[in-house]
Amino acid sequence: MFGVDFTRTSKSDINASLNYGYSILLSQFNKELVLNGYLTQLGIKHCNEFNPFNLSSDLMEPFRPLVDKIVRENCDEIFDGSMRLKLVDVLNHKVRIKNSNQYVSNAISIYVKSVIKAIEKKDVSYLEFFEYEL
């Protein structure tokens, strides 16, 4: 996506942008999980004892491509205030979830509630995933 020489371990504007964008998503997931009475530390797949956001890290995975797309579209830019604003704006992008167009911030709330319900009911049919709005 970012070229054959790109690695996630290199110090680059692309990695700084990806990390910042993922932090924006992680923060939103932390907020939603805490609002719903869940601990962010207890993950499903993520289980690092030094990561206080294991569950948030698990749930945000489907949303990572939203950040990837922004960074890919702006990969020639330096990581500065302008790029930070573009990444923060990811929460204002529109996606389709539950048959309606929603801001990503609302879609995260809908998705988190659906995951909680699916866990409580032990039924994956309650899961609500988003689609990109075209």
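Now for a description of the structure that goes with this document.

Reading the values: rules and limits
Residues numbered from 1 in each chain as written. Predicted model: local features only at pLDDT ≥ 70, side-chain atom pairs only at ≥ 80, totals over all residues. Heavy atoms only, no water. Phe/Tyr/Trp six-rings, centres within 6.5 Å; stacked < 30°, edge-to-face > 60°. Helix = DSSP H or I, 4+ residues; strand = E, 2+ residues; numbered from the N terminus. Buried < 20%, exposed > 50% of the residue type's maximum accessible area, 1.4 Å probe, protein only. Axes fitted to C-alpha atoms, helices over the stretch in contact; angles between N-to-C directions. Left-handed = near helix turned anticlockwise from the far one by under 90°. Contact = heavy atoms within 4.5 Å. Nonpolar A, V, L, I, M, F, W, Y, C, P; charged D, E, K, R; others polar. Core = buried A, V, L, I, M, F, W, Y, C linked by side-chain atoms within 4.5 Å. Pairing = 2+ DSSP bridges. Lys, Arg positive; Asp, Glu negative; His and termini not counted. Salt bridge = Lys/Arg side-chain N within 4 Å of Asp/Glu carboxyl O. Polar contact = N/O pair within 3.5 Å; in protein donor to acceptor, adjacent residues only side chain to side chain.

1. Let's talk about the packing of aromatic side chains
No. 1: According to the stated counting rule, one finds seven aromatic pairs in the structure shown.
No. 2: Judged by centre distance (6.1 Å) and plane angle (85°), the rings of Phe 29 and Tyr 111 are edge-to-face. Here Tyr 111 lies in helix H5 (residues 104–121) and Phe 29 lies in helix H1 (residues 13–35), a separation of 82 residues in the sequence.
No. 3: Accessibility expressed as a relative area gives 6% for Tyr 111, which makes it buried.

2. Description of the packing of H1 against helix H3 (residues 64–73)
No. 1: Where H1 meets H3, the closest approach of the two axes is 9 Å, and the angle between their N-to-C directions is 145°. Considering the relative orientation of H1 and H3, their crossing is right-handed. Where H1 abuts H3, its residues Ile 14, Ser 17, Leu 18, Gly 21, Tyr 22 and Leu 25 lie against Arg 64, Val 67, Asp 68 and Val 71.
No. 2: Taken together, the residues of the contact of H1 with H3 break down into six nonpolar, two polar and two charged.

3. Thoughts on the nonpolar core
No. 1: The biggest cluster of nonpolar side chains holds 32 residues, and the ones touching the most others in it are Leu 25, Phe 29, Leu 59, Phe 63, Val 71 and Ile 108.
No. 2: For this core, the elements supplying multiple residues, two or more each, are H1, helix H2 (54–60), H3, helix H4 (81–88), strand E1 (94–97) and H5.
No. 3: In terms of residue count, the dominant contributor to this core is H1 (eight residues).

4. Some words on the pairing of strand E2 (residues 100–103)
No. 1: One ladder, built from four bridges, connects E1 with E2; its direction is antiparallel. For Arg 96, the partnering residue across the bridge sits in E2 and is Asn 101.
No. 2: The antiparallel hairpin formed by E1 and E2 contains two residues in its connecting segment, where Lys 98 sits at a positive phi of about 55°.

5. Remarks on the side chain of Asn 30
No. 1: Considering the arrangement of structural elements, one finds Asn 30 in helix H1.
No. 2: Excluding anything up to four places from it in sequence, Asn 30 contacts Thr 40, Phe 53 and Ser 56.

6. Here we look at the side chain of Asp 68
No. 1: Secondary-structure assignment places Asp 68 in helix H3.
No. 2: For the buried Asp 68, which has no salt bridge, the nearest side chain bearing the opposite charge is Arg 64, at an N-O separation of 6.3 Å.
No. 3: For Asp 68, the side chain forms a polar contact with the side chain of Tyr 22, separated by 2.4 Å.
No. 4: Filtering out sequence-adjacent residues up to four positions away, Asp 68 remains in contact with Met 1, Phe 2, Leu 18 and Tyr 22.

7. Considering unusual backbone geometry
No. 1: Unusually for a residue other than glycine, Lys 98 sits at a positive phi of about 55°.
No. 2: Of note, Lys 98 is situated in the loop between E1 and E2.
No. 3: Unlike most non-glycine residues, Lys 122 shows phi in positive territory, near 55°.
No. 4: With respect to the helices and strands, the residue Lys 122 is situated in the loop between H5 and strand E3 (131–132).

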